[in-house]
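Take a look at the letters that make up each chain.
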Amino acid sequence: GQAAEVISDSEAYGKSVAMAIWEWSKTDGGHEGYRRNFPTDYKAPIFPGSWRPTENGLSAMQPYWGNNRLFVTHNTLILPPRPLPLSVNPSSPYYQQNLKVYQKNKALTQAEKEIAIWWADDPSETFTPPGHSMYIATIAVKNSEAKLGKAAETFARVGLAVSDAFVICWKCKYAFSIERPYTFVRRAIDRNWVPFWPAPPFPSFTSGHATQSAAVATVLTDLYGASFAFTDDAHANRPKDALRNVEFKPRTFTSFQAFAEESAHSRFLGGIHTDQDNEEGLAKGRIVGRNVNALRWK
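Colleague: Any chance you could explain the overall build of the chain here in plain terms?
Modeller: Summing up its helical and strand segments, the chain has nine helices and two strands in all. If you list the helices and strands of the chain from N to C, you get α-α-α-α-α-α-α-β-β-α-α. Here the C-alpha atoms of the chain give a radius of gyration of 21 Å, agreeing with the 19 Å that 2.2 N^0.38 yields for 298 residues. C-alpha atoms of the chain, sized along the principal axes, occupy 80 × 40 × 35 Å. When burial is assessed residue by residue, the chain has 48% of its 298 residues classed as buried. Considering only residue pairs separated by 6 or more positions, the chain has 80% of its internal contacts joining residues 24 or more positions apart. Summed over all atoms, the accessible surface of the chain reaches about 15,100 Å², with 57% contributed by carbon and sulfur.

What follows is the structure in structure tokens.
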């Protein structure tokens, strides 16, 4: 009798906690966001160097996501980075960074193409970057044979890090609305250029891949150490990308930091991001991760 009562009370309590979290989640600004990925009321600013809708004809994706509530209070204090001054002067850093993307894209090795498609995480084909991060968290949990408590903490930390990283990154993207490399290259260098990978439908600065990967790597490093080697086999059984003639080959890393840096670099190789997009994204992502780690984890 008493044992059965304890079980039923525990189940009821667990359900009430879950319901409270669920109700709270509806107020963060992102509830059922998938219903409004491309809001028609958003008008992108137009200026020399401004972001333009992408080659695939899609308008701005989730332009208001940066207004969503953050999980970690300290992450509200993260200030947006300062982008390079926009310029078509060939000697300017902005021009040079875009030229570097263009030149690299014209000379990609097969190995570099493999990196670019491994991290593409195109939502029409597979899981998104947050899903890839959760997969890497799962690898860490399994390979270390983490006990239930540590496993739960791992997924909680990674979830908070990914969520806050994307809100902060999206706030930055739409604050500056800076063009993708393909837009700059076509207007200032080579009007017929087609990048290796099509640009996603939102501004360039900063990189979502870089920001969330750095946040996740910072969290996982705190939990599992700075030299946790692993193989990411997330896309191992996918058929090759026939359009680009590239196979999905598992990636092996000596640390979580190495995965974050490769994930960011993959967007440069894809022709999607400049160095400033990636470097500033990685820097902000690390701060997000440190703020998640600083919470009082029992």
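Read on for the rest.
Colleague: Just checking my understanding: could you explain a nonpolar patch on the surface for this structure?
Modeller: Among the surface-exposed residues, Tyr13, Val17, Ile21, Trp24 and Phe71 lie close enough to one another that they form a single nonpolar patch of about 530 Å² accessible area. Positionally, valine 17 belongs in helix 1 (residues 2–25). In this structure valine 17 comes out as partly exposed when scored by relative accessible area, which is 35%.

Colleague: Even after reading the chapter, I still don't get the packing of aromatic side chains, so can you show me in this structure?
Modeller: Scanning all chains against the criterion turns up 17 aromatic pairs. The interplanar angle of 50° and the centroid separation of 6.2 Å between the aromatic rings of tryptophan 119 and phenylalanine 253 together place this pair among those described as tilted. Of the two residues, tryptophan 119 is situated in the loop between helix 3 (110–118) and helix 4 (129–143) and phenylalanine 253 in strand 2 (residues 251–253); the sequence distance between them amounts to 134 residues. In this structure, tryptophan 119 and phenylalanine 253 share a single accessibility class: buried. Where phenylalanine 230 meets phenylalanine 259, the ring centres are 6.5 Å apart and the plane angle is 75°; that geometry is what we call edge-to-face. Note that phenylalanine 230 is positioned in strand 1 (residues 230–232) and phenylalanine 259 in helix 8 (residues 256–269), a separation of 29 residues in sequence.

Colleague: Please clarify how the side chain of asparagine 68 should be interpreted in this entry.
Modeller: Among the secondary structure elements, asparagine 68 is positioned in the loop between helix 1 and helix 2 (93–105). If near-sequence neighbours (up to four positions away) are discounted, asparagine 68 is found in contact with Asp28, Gly29, Gly30 and Val167.

Colleague: Teacher, can you tell me more about the side chain of serine 266 here?
Modeller: Its location among the elements puts serine 266 in helix 8. Setting aside its immediate chain neighbours within four residues, serine 266 contacts Ile115, Ala116, Trp119 and His209.

Colleague: I keep staring at the environment of aspartate 28 and nothing clicks. Help me out?
Modeller: Position of aspartate 28 relative to the elements: it lies in the loop between helix 1 and helix 2. Considering only alpha carbons, one finds aspartate 28 and tryptophan 119, 91 residues apart in sequence, at a separation of 28 Å.

Colleague: I keep staring at the pattern of salt bridges and nothing clicks. Help me out?
Modeller: Here the idea is simple: oppositely charged side chains can pair when their charged atoms come close. Scanning the entire structure with this criterion turns up 11 salt bridges. Residue lysine 100 is joined to aspartate 275 by a salt bridge in which the shortest nitrogen-to-oxygen separation is 2.5 Å. With lysine 100 in helix 2 and aspartate 275 in helix 9 (residues 275–293), this pair connects stretches of sequence that are 175 residues apart. Connected via shared salt-bridge partners are Glu153, Arg157 and Asp222.

Colleague: Just checking my understanding: could you explain helix 2 for this structure?
Modeller: Each α-helix winds once per 3.6 residues, and so residues spaced three or four apart point in a common direction. Helix length check: helix 2 (13 residues) gives 18 Å between terminal C-alpha atoms against 18 Å at 1.5 Å per residue, within 8%. Among the residues making up helix 2, those that are buried are Tyr94, Tyr95, Gln97, Asn98, Leu99, Val101, Tyr102 and Asn105. Taken together, the buried residues of helix 2 touch helix 6 (181–188), helix 8 and helix 9.

Colleague: For this particular structure, what's the right way to read the environment of alanine 217?
Modeller: With respect to the helices and strands, alanine 217 occurs in helix 7 (residues 208–224). Among the residues examined, alanine 217 registers a relative accessible area of 0% and is labelled buried. For the pair alanine 217 and glutamate 55, spaced 162 residues apart in sequence, the C-alpha separation works out to 32 Å.

Colleague: Would you mind showing me how to read the environment of proline 53 here?
Modeller: Within the element layout of this structure, proline 53 appears in the loop between helix 1 and helix 2. Counting along the chain gives 127 residues from proline 53 to arginine 180, while the straight-line C-alpha distance between them is 9.5 Å. Filtering out sequence-adjacent residues up to four positions away, proline 53 remains in contact with Leu58 and Tyr182.

Colleague: Explain the state of the cysteines to me, please; I cannot follow it from the model alone.
Modeller: Disulfide: a covalent bond connecting the sulfur atoms of a pair of cysteines. Under the counting rule described, the total for this entry stands at zero disulfides. Summary of cysteine pairing: cysteine 169 is not part of a disulfide, and the nearest cysteine sulfur, belonging to cysteine 172, is at 6.6 Å. For cysteine 172, a relative accessible area of 4% puts it in the buried group.

Quick notes on the rules
Residues numbered from 1 in each chain as written. Predicted model: local features only at pLDDT ≥ 70, side-chain atom pairs only at ≥ 80, totals over all residues. Heavy atoms only, no water. Helix = DSSP H or I, 4+ residues; strand = E, 2+ residues; numbered from the N terminus. Rg over C-alpha atoms; globule rule 2.2 N^0.38 Å. Buried < 20%, exposed > 50% of the residue type's maximum accessible area, 1.4 Å probe, protein only. Contact = heavy atoms within 4.5 Å. Areas by Shrake-Rupley, 256 points an atom, 1.4 Å probe, with all protein chains shown as cover. Patch = residues over 30% accessible without salt bridge, like charges linked within 9 Å, V, L, I, M, F, W, Y side chains within 5 Å. Salt bridge = Lys/Arg side-chain N within 4 Å of Asp/Glu carboxyl O. Phe/Tyr/Trp six-rings, centres within 6.5 Å; stacked < 30°, edge-to-face > 60°. Expected span 1.5 Å × (residues − 1). Disulfide = S-S within 2.5 Å.

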